[in-house]
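Architecture and fold: a report
These are the residues of each chain, in order.
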Amino acid sequence: MWLVVVLVWLLVMAAGTYWYLFGKPSPFSMESVRPPGSLELDQKKRDTVLKQGFSLDKVPENLDAIVIGSGIGGLTAAAVLAKAGKKVLVLEQHDQAGGCCHTYIEKGFEFDVGLHYIGQMHENSLLRIAMDQITEGQMQFVKLEQHFDTITIGSGEERREYTIYSGKTEMEAHLKKQFPNDTKAIEEFFKFMKVSASEKTHYLATLKLIPQWLALFLLKSGIAHLASSIFRHSGYSALELANSLTSNKDLHIIFSYFFYGVPPRDSSSVINALLLHHYKRGAYYPRGGGSEIPFHIIPVIQKSGGNVLVRAHVSRVLVDKDGAACGVAVRKGQEEVEVKAPVVISNCGIFNTLRKFLPPEIHTKPEVQDRLNMMKHGKGSFLVFSGFNATQEELGIGSTNLWLFKSNDMDDMMDTFFSLSKDEAPDNIPMMFITFPSAKDPTSKIRHPGKSCMTILAMVNYEWFEEWKDMTVRKRGDDYMEYKMRFANKLFDWACLHFPKLRDKVAQSHANDVATPLTNVHYLGAQRGAMYSSEHNLDRFHAEAIARNRCSTPVKNLYISGQDVFSCGIAGALHGGLLCASTVLDHIVYIDLLLLKMKLKRKKAKEMAKL
């Protein structure tokens, strides 16, 4: 009798698992991808897609879901749901869609806000297939120079410069040439990067897709650790890994040079390794600029009856009598307009979602507070946008990015800098990132002839700018202007040491446009100005924390997408959207992507066989 019961139970479980994995139709298909069209240069036509303002008559009826925020995470989730036949409304508080993928034009200069480069866009990569599906093949990417990053450590006569090359074998080989006494350490790091990070990352994502009780059981019982070491390595700090491989501090910087506001001591070895691996097969840039991504995703959402509306300030998430999310309230002038839907997805970060949008009686609940306590606020971002009346040839610039560090001890640099007073900080910036978007996109010469642009990024404390947070944007007074320009001028001067022709060619009408954490709060809705959202610290990447930090929330029908789901950056946010769509649809769309990848590979093999 018991044997029969067990067999029946196993059969039911097997059937349920099969249905969960394969029982629903795929939202993806080869047929949906078509050859890319010509680049749309008419700004008015682009604005009809990217800048459609909110009004009730533009809100579709009988919505299946509402997405708050039009960053790549929100748009990805919306597009996948749309391809599954769902009617989705995306609401954006800024005056154009795209989040960190949007661009803005100021006095003839076009600046990308947050997309500096992206990896894994080579043919038939999983990320490229996902991008092709959500844009229906309309995105084109320019592969940047093989030498895609330069890392500079120290200053004056003590300055050392290292170059990072892309390529399956070239990246490792080129580093060995620069560190001939550390070839073994580099080999071990790349082995870790390949085996422990890139090949097993899907195990970490799986923790977010299977039932939470099952994920925690597999981890606490040790079964998961028997399957892969990645569950242990994800909670292993980048500094511990570097120290175990070499005592060369310059090489330590190389292993963790993608700074996102967390020192190597407190960051995950797996995440840092993944960031470098991301560019192993090449660094890419969207042809036409970052705004091409939302420009081509939005029609996919609209095709299923949905829409993407801007200047839509969501003030709160509506909750029904049972405590479930049932829509949002949008602030329209002095009034609120309610928009109902059975599913609400927030791409605005965990803090905005659970603390700002929910009523007090909900966000003070222990289960909601427990979820909030899992995360910490990220560091603020400070950006300088500079325009130049010169070509890249005249300026001596190229598509290669520059990462600058005052010393080779990142932990000490960051600890010292972030402990400085507000007045001390501008004169002691220890690290920054420089990129030239106009040099990466060949269409820039057509769209903005004779002009070039530069973006500088640094991480700062939100508290240094907090005293001006309640003042109106662009009207924060002379003290604020003077303070932010102290940062901007120091950063610009540092950049000119490496690119001396910049200073004479900078456009007087657009010398330095500056975005402080307060700017990021106003335009991007970034909590405390953190463009990378919640802090990507080590606690967040312990296996059990990964399993608990999922797209579903303690509030029924309310979901999280974007960088707070898995990791930072454009690719990380896109994966957050795929994970969110999987959760909402109760269907793992990654399996559909993998099956599609296999079909495309077979198709390519047949085509090659005919040659």
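Residues numbered from 1 in each chain as written. Predicted model: local features only at pLDDT ≥ 70, side-chain atom pairs only at ≥ 80, totals over all residues. Heavy atoms only, no water.

**Looking at the pairing of strand 12 (residues 325-332)**
Consecutive side chains of a regular strand alternate in pointing toward one face of the sheet and then the other. The condition that has to hold: Only protein chains enter the accessibility calculation, which uses a 1.4 Å probe; a residue is then buried when its area is under 20% of its type maximum, exposed when over 50%, and partly exposed in between. Counting from the N terminus, the helices are DSSP H or I runs at least four residues long and the strands are E runs at least two residues long. Between any two strands, pairing holds if DSSP finds at least two bridges.
For strand 12, the tally of buried residues reaches 6 of 8 residues, placing the bulk of the element in the interior. Inspection of the sheet shows strand 11 (residues 313-319) paired to strand 12 by 6 bridges, in the antiparallel sense. By the bridge assignment for strand 12, His313 is matched with Arg331. Taking the residues that link successive antiparallel strands as the turn, the strand 11-strand 12 hairpin has 5 residues, and the phi of Gly323 there is positive, at about 85°.

**What to know about the pairing of strand 15 (residues 380-388)**
With 9 of 9 residues buried, strand 15 is to be regarded as a mostly interior element. Because side chains alternate across strand 15, one face comprises the buried residues Gly380, Phe382, Val384, Ser386 and Phe388, and the other comprises Ser381, Leu383, Phe385 and Gly387, equally buried. Judged from the 9 bridges that link them, strand 15 and strand 18 (residues 452-460) form a sheet pairing that is antiparallel. Paired with Phe382 across the bridge in strand 18 is Ala458. Two elements, strand 15 and strand 19 (residues 513-515), share 3 bridges in a ladder whose sense is antiparallel.

**Brief notes about the pattern of salt bridges**
Using the following cut-off: Whenever a carboxyl oxygen of Asp or Glu lies within 4 Å of a side-chain nitrogen of Lys or Arg, that contact is scored as a salt bridge.
Inspection of the entire model under this criterion finds 30 salt bridges. Between Asp411 and Arg265 there is a salt bridge, with its nearest N and O atoms 3.5 Å apart. Here the residue Asp411 occupies a position in helix 19 (residues 410-418), and Arg265 occupies one in the loop between helix 12 (249-255) and helix 13 (269-277), the gap between them amounting to 146 residues. When salt bridges that share partners are traced, they join Arg34, Lys83, Glu136 and Lys303 into one network.

**Side note on the side chain of His363**
Put simply, the rule reads: Whether two residues are in contact is decided by their heavy atoms, any of which lying within 4.5 Å being enough.
If you trace the backbone, His363 turns up in helix 16 (residues 360-363). With relative accessibility at 18%, the residue His363 sits in the buried group. Once you skip the residues sitting within four places of it in the chain, His363 turns out to touch Leu354, Arg355, Leu358, Val368 and Gln369.

**Topic: helix 3 (residues 72-83)**
Worth spelling out the cut-off: By this rule the span expected of a helix is its residue count minus one, scaled by 1.5 Å.
Across its 12 residues, helix 3 extends 16 Å between first and last C-alpha, which sits within 8% of the 16 Å expected from 1.5 Å per residue. Where burial is concerned, most of helix 3 is hidden: 12 out of the 12 residues are buried. Those residues of helix 3 that fall on the buried side of the exposure criterion are Ile72, Gly73, Gly74, Leu75, Thr76, Ala77, Ala78, Ala79, Val80, Leu81, Ala82 and Lys83.

**A word on unusual backbone geometry**
One non-glycine residue, Asn62, lies in positive phi territory at about 55°. Take Asn62: it is sitting in the loop between helix 2 (43-50) and strand 1 (65-68). Classification of Asn62 as exposed rests on a relative accessible area of 66%. Phi angles above zero are rare outside glycine, and Lys107 is one such case at about 55°. Examined against the element boundaries, Lys107 turns out to sit in the loop between strand 3 (103-106) and strand 4 (109-112). When its relative accessible area of 52% is taken as the criterion, Lys107 is described as exposed.

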